[in-house]
There are 2 protein chains.
Amino acid sequence: MGRRRQAVTIRHVAADAGVSLQTVSRVIHNEPNVRAELRERVQAAIDKLGYVPSIAAQRMSGSRSYLILAINDRDRTIADWRARQGTDWVDQMLLGGMLECAAHGYRMIFELVDTHSAHVERELLAAIAALQPDGVILTPPHSDDPHIVEVLARQHIPFARIGSLGAGGGFSLTMDDAGAARTATLHLAGLGHRRIGFIAGSPEYALSTWRVEGWRAAMAEAGLATEGLLAEGDFSYASGEQAARALLEGEEPPTAIIASSDQMTLATLETARRMGLEVPRQLSLVSFDNTPIVRFTQPPLTAVDQPIAEISARAVDLLIAAKKAGEDAVPAAPVVVPAGLVERQSTAPPPGHA
Amino acid sequence: MGRRRQAVTIRHVAADAGVSLQTVSRVIHNEPNVRAELRERVQAAIDKLGYVPSIAAQRMSGSRSYLILAINDRDRTIADWRARQGTDWVDQMLLGGMLECAAHGYRMIFELVDTHSAHVERELLAAIAALQPDGVILTPPHSDDPHIVEVLARQHIPFARIGSLGAGGGFSLTMDDAGAARTATLHLAGLGHRRIGFIAGSPEYALSTWRVEGWRAAMAEAGLATEGLLAEGDFSYASGEQAARALLEGEEPPTAIIASSDQMTLATLETARRMGLEVPRQLSLVSFDNTPIVRFTQPPLTAVDQPIAEISARAVDLLIAAKKAGEDAVPAAPVVVPAGLVERQSTAPPPGHA
DNA sequence: GTGAAAGCGCTAACAT
DNA sequence: ATGTTAGCGCTTTCAC
C-alpha cells in the first residue's frame, strides 16, 4: 500500500496563493486579520486545488477533531437490530445528528457501550482517547449513569444527555415525557374514559417515571382515580403482554391503556384481541414511540411521537456551539423538544358512552 | 476550552515501561523483534495506564486511519428516513458494518453523497481528504457510478461495491439477485402458477436488471411464457401501484406477482385489495427486501431477504484485510452473500389449482 | 532486538 | 495584517 499522503495540503495552497500557512489557516476558519484581497486569493487557491483540511492533522495540532460521538446501549441496540421489528431509533438518531453535523463540517460516529458492565468506564475512555471527539451524546440509560457522566465531566468534554434531567455535568434534552403522558391521558379522558390504565417502562430509565407522573397528574386533574391502573413493564413485548393481562384481567379493567413503548402496546393489542376485546370499540390504546410499525397494525395506533431526530440534531447543534464558545457555554436548563400526539384509529369513546 | 491533550500517550507508556517509543509501538501492533519479557512489561504499562492510541496521531504519521467510510445515496436515504416506513437499510448496513469494524479496532463513518450532481466527485474527494479512510463502501447506485469508481481507484483506496458487478476497480459484493429472483419464481411455479408477473426496480440499479433476468430464466426453465408479465417500477410505492395496475388490469392477468421492493409489493397488495382480489387465494405475492413492515401486513408477505448486514460486514472485513495485505489483495471475483426466501402467507396455489 | 531522529499536516503562540 | 516557530502523538526509516 505504501504511506498515502494527503494529496493537497495547506502548504500547496499557501504556495499557490503566495502566502504563509497561517494566513491560509485563518481563511479556512474565517478568522479576522486577513485583507479581503488576500482572503480571496487564498480561497481561489483552495477551490482551484480542491483543498480540504485533514481532520487528523487538525486534531493533532490541538484544535477540534470535528467528531461527535453518539453513544447507545449495546445490548438494546443490537437486540433491536437483530429483531428487525422496525424500531427506527438508530435511524432517526443517526440521520438527525448526522445531517446537523454535516451542516457544520462535523461527522458523527456511532458507538455502542455496555450498560451493565464493569468496563463501561474503560470502554468509554478508550473511545474518547482514540477519537478525541469534540462532544458526546448520551442516550438512556447511559444519560443517567453516574460513572459515565463523571468520566465525561472530568475529561472536560461537552456532552448531551438525552432523556435525562440528572445533574453532574453536561446538559439535558428531553421530549417532556410527563407532558406527553399528560396529553395522552387528557386525550382519553376527553373521549370520556374514566379508567385509563398505564403501563410503565423500565425503571432503569428516568423517563419511565416521568411518564407515570404525567399520567398520574393528568388523572388527578381530570378527577380520576388511578388505583389498580398502573402496571410495570420494561419496554419489551413480553413485559407488555404480562402488564396488559394484569390490567385487563382485573376486576374493574380499564377502558383505555397507555403503554410506554410500541412493543408493549403491540402486546396489549394482541392480548386484547385474544380476550375478544375490540380496539378501539371496547378498549382504546395509546402508544409511546411512534415507530413505523404502529401504522401497520389493525387498527393503526394513536401514539406519542418521540422526536428523536430533532433531539439528536439539537444536541449536536448545542455541542458544537459549546465547543466554539468555551466549555461551559451549554444550556443550564434542560432543553425540551416536545413530543407530539399522532392520532390514529386506536382511540374512541369508551363503551356505552354517548 | 483550551487545547485538550491526550491524557496518556505512547510516551507515558514508554517511560513507565522503561523502553523506547518504538518498542511500545511494536507491542501495540504485534510486530516482531520484541523480547517476550519486554512485551509483557509494555503491555502491563498499557493496561495500567489505560493507554489507547490516538487515531489522529496514527493517521498523521502515515499509517492507517482506522476509519471505513460507508457511502449512501443522499436523496434516497433522507427520503426513507423522513418517510418512516420502517425501511431498515441504514440500520442493517450500519450495525453490520460497525460491529465488524469494532472487532478490528476500526470505526465506520456514514456519509451521504448525491447521485445526480456535478459535485459528486468533489463531495467524495472532500470526505476522503478530511477523513483519509482506509476503505470505502459503495452502495447502489454509487457502486456503478464511473466517476466515483474512478476517483477511488485513482486514490488507491480499497473500496467495496455492493450490488454491483461492474469493472473498474475495487471489488464487488452481491446477494445473487438473479438467483434470488429465480428462487422466488420457482417457488411460485412449484405452487402451480403459470402466469407469474414481475415488477422491476429502477433501471438505474444494475441489480434491477439481474432480477428481471433471473425471473426470465426461471420462467423459461419452467416452460412458462413471460409476455405481458413484466412491468417497470422504480422501487417506490407510487411506481408499484402503477405497475400492479398495468399487470392486473391486462387481459390475462398474472396469478402471482414478484415485486422488486417491499414498497412496490405493498402497493400491489393494496391495488389487489381495491380490485377485490384476495391475497393469496386469488393472487400470490413475493416481495424483495424483507424490511420489517412485511411481517405486519395482511397477510404477512413472503419475501426475498436482502442480507444487508452480512454484506456490509463482509465488505468491512475484506477492506481491512486488503489494507493489511496491500492494495491489490482484494477478491477478484464478486463476493456472493446469497439472499434467502422467507416464506410467509402471501403465497398459495393459484385459483382452481388442485 | 532496540533506540534515536525525522516528519506527517496542521494550529497556537509569538514575532514582526 | 502577516509570517515564523514549535510542537501535537505517532510511525517510519535507519542506526546500533
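Note that the structure is a prediction, hence the values are computed from the model and not measured. (Residues numbered from 1 in each chain as written. Chains lettered and ligands numbered in written order. Predicted model: local features only at pLDDT ≥ 70, side-chain atom pairs only at ≥ 80, totals over all residues. Heavy atoms only, no water.)

*Asks:* Go over the protein's contact with DNA strand D, please, and point to the residues and values.
*Replies:* The full set close to DNA strand D counts 29 residues, and Asn33 and Arg35 of chain A together with Ile10, Gln22 and His29 of chain B are the nearest of them. Sugar and phosphate atoms represent 66% of those atoms of DNA strand D found within 4 Å of the protein. Within the side chain of Asn33 of chain A, a nitrogen or oxygen atom sits 2.5 Å from a phosphate oxygen of DNA strand D. Of the residues that constitute the surface near DNA strand D, the class distribution is 9 nonpolar, 14 polar and 6 charged. (Near = heavy atom within 4 Å. Polar contact = N/O pair within 3.5 Å; in protein donor to acceptor, adjacent residues only side chain to side chain. Nonpolar A, V, L, I, M, F, W, Y, C, P; charged D, E, K, R; others polar.)

*Asks:* If you had to explain the domain arrangement of chain A to someone new, which residues and values would you point to?
*Replies:* Entries for chain A in the domain assignment read domain 1 (10–53), domain 2 (67–175 + 308–338) and domain 3 (177–305). In this structure, domain 1 of chain A and domain 2 of chain A have C-alpha centres spaced 34 Å apart. (Domains from an automatic or database assignment.)

*Asks:* I'd like a description of the packing of helix α5 (residues 74–83) of chain A against helix α6 (residues 89–103) of chain B, backed by residues and values.
*Replies:* To describe two helices that pack against each other, one gives the angle between their axes and the distance between the axes. Direction vectors running N to C along α5 of chain A and α6 of chain B enclose 125 degrees, while the axes themselves pass 10 Å from each other. Considering the angle they form, α5 of chain A stands oblique to α6 of chain B. Handedness of the crossing formed by α5 of chain A with α6 of chain B: left-handed. Residues Thr77, Ile78 and Trp81 of chain A of α5 of chain A form the contact with α6 of chain B, whose participating residues are Asp91, Gln92, Leu95, Gly96 and Leu99 of chain B. (Axes fitted to C-alpha atoms, helices over the stretch in contact; angles between N-to-C directions. Helix = DSSP H or I, 4+ residues; strand = E, 2+ residues; numbered from the N terminus. Parallel < 35°, antiparallel > 145°, perpendicular 65-115°, else oblique. Left-handed = near helix turned anticlockwise from the far one by under 90°. Contact = heavy atoms within 4.5 Å.)

*Asks:* Quick rundown of the interface of chain B and chain A? Include the residues and the values.
*Replies:* With 60 residues of chain B in contact, the opposing surface of chain A contributes 60 residues. The junction of chain B with chain A conceals about 5500 Å² of combined surface from both sides, 58% of it contributed by carbon and sulfur atoms. Counting every contact that joins chain B to chain A gives 6 salt bridges. Among the secondary structure elements, those contributing two or more residues to the side of chain B that touches chain A are α4 (55–60), α5 (74–83), α6, β2 (107–113), α7 (120–131) and α13 (308–325) of chain B. Residue classes in the side of chain B that touches chain A are distributed as 30 nonpolar, 17 polar and 13 charged. (Buried area = accessible area lost by both parts, 1.4 Å probe. Salt bridge = Lys/Arg side-chain N within 4 Å of Asp/Glu carboxyl O.)

*Asks:* So what's going on with the packing of aromatic side chains? Residues and values would help.
*Replies:* Residue and element names in this part refer to chain A. If you walk through the whole model with that rule in mind, you get 6 aromatic pairs over all chains. An angle of 65 degrees between the planes, with centres 5.1 Å apart, marks the rings of Tyr66 and Tyr106 as edge-to-face. Here the residue Tyr66 occupies a position in the loop between α4 (55–60) and β1 (67–73), and Tyr106 occupies one in the loop between α6 (89–103) and β2 (107–113), the gap between them amounting to 40 residues. No difference in accessibility class separates Tyr66 from Tyr106, as the two residues are buried. (Phe/Tyr/Trp six-rings, centres within 6.5 Å; stacked < 30°, edge-to-face > 60°. Buried < 20%, exposed > 50% of the residue type's maximum accessible area, 1.4 Å probe, protein only.)

*Asks:* Give me the side chain of Arg161 of chain A: which residues, what numbers.
*Replies:* Residue and element names in this part refer to chain A. Position of Arg161 among the secondary structure elements: in strand β4 (residues 159–162). Within the structure, Arg161 has its side chain in polar contact with the backbone oxygen of Gly166 (distance 3.0 Å). One polar contact links the side chain of Arg161 to the main-chain carbonyl oxygen of Gly169, over a distance of 3.1 Å. With residues near it in sequence (within four places) discarded, Arg161 still touches Leu138, Ser143, Asp144, Val149, Gly166, Ala167, Gly168, Gly169, Phe171, Ser172 and Leu173.

*Asks:* With reference to specific residues and values, describe the environment of Ala339 of chain A.
*Replies:* Residues and elements named next belong to chain A. Tracing the chain through its elements places Ala339 in the loop between β11 (335–336) and β12 (340–342). Looking at Ala339, the relative accessible area reads 22%, which means it is partly exposed. Distance from Ala339 to Ala322, taken between C-alpha atoms, is 25 Å for residues 17 residues apart in sequence. Setting aside anything within four residues of it in sequence, one finds Ala339 in contact with Met175, Ala180, Val304, Asp305 and Pro307.

*Asks:* A description of the environment of Ala130 of chain B should follow, citing residues and the corresponding values.
*Replies:* With respect to the element layout, Ala130 of chain B can be found in helix α7. Separated by 171 residues in the primary sequence, Ala130 of chain B and Leu301 of chain B place their C-alpha atoms 44 Å from one another. Apart from residues lying up to four places away in sequence, Ala130 of chain B is in contact with Val52, Pro53, Ser54, Ile55, Ala56 and Arg107 of chain A.

*Asks:* Residue-level account of the protein's contact with DNA strand C, with values.
*Replies:* Looking at DNA strand C, there are 29 residues lining it, with Ile10, Gln22 and His29 of chain A together with Thr23 and Arg35 of chain B nearest. Taken together, the sugar and phosphate atoms account for 63% of what DNA strand C places within 4 Å of the protein. Residue Gln22 of chain A places a side-chain N or O atom 2.3 Å away from a base nitrogen belonging to DNA strand C. Between DNA strand C and the protein, one listed contact pairs a base oxygen with a backbone N or O atom of Met60 of chain B at 2.7 Å. Within the residue set of the surface near DNA strand C, elements represented by two or more residues are α1 (10–17), α2 (21–28) and α4 of chain A together with α2 (21–28) of chain B. By residue class, the composition of the surface near DNA strand C is 9 nonpolar, 14 polar and 6 charged.

*Asks:* Quick rundown of the pattern of salt bridges? Include the residues and the values.
*Replies:* Across all of its chains, the model carries 33 salt bridges over all chains by this definition. Residue Arg84 of chain A is joined to Asp305 of chain B by a salt bridge in which the shortest nitrogen-to-oxygen separation is 3.0 Å. In this pair, Arg84 of chain A sits in the loop between α5 and α6 while Asp305 of chain B sits in strand β10 (residues 302–305), so the two residues belong to two different chains. In terms of burial, Arg84 of chain A and Asp305 of chain B fall into one category: buried. Here Asp177 of chain B makes a salt bridge to Arg211 of chain B, at a shortest N to O gap of 2.9 Å. Of this pair, Asp177 of chain B sits in helix α9 (residues 177–190) while Arg211 of chain B sits in helix α10 (residues 206–221), and the two are 34 residues apart along the sequence. Residue classification places Arg211 of chain B among the buried positions, given a relative accessible area of 1%. Residues joined in a network through salt bridges with shared partners are Arg74, Asp114 and Glu123 of chain A.

*Asks:* Report on the relation of the copies chain B and chain A, specifying residues and quantitative values.
*Replies:* At an RMSD of 0.1 Å, chain B and chain A line up after a rotation of 180 degrees and a shift of 0.0 Å along the axis. Between the two chains, the operation in question is that of a two-fold axis. Every residue of chain B has its C-alpha some distance from the rotation axis, and the shortest such distance is that of Ala56 of chain B, at 2.1 Å. Same-surface contact between copies: 100% of interface residues of chain B are shared with the interface of chain A. (Least-squares fit on C-alpha atoms with pLDDT ≥ 70 in both.)

*Asks:* Let's hear about the pairing of β10 of chain B: which residues, and what values?
*Replies:* All names here are of chain B. On β10, burial covers both faces: Thr302 and Val304 on one face and Ala303 and Asp305 on the other are all buried. Where strand β9 (residues 284–289) lies against β10, 4 bridges are found, and the strand directions are parallel. In the sheet register, Asp289 faces β10, and the bridge partner there is Asp305. One ladder, built from 3 bridges, connects β10 with strand β12 (residues 340–342); its direction is antiparallel. Each residue of the ladder has a partner; that of Ala303, found in β12, is Val342. (Pairing = 2+ DSSP bridges.)

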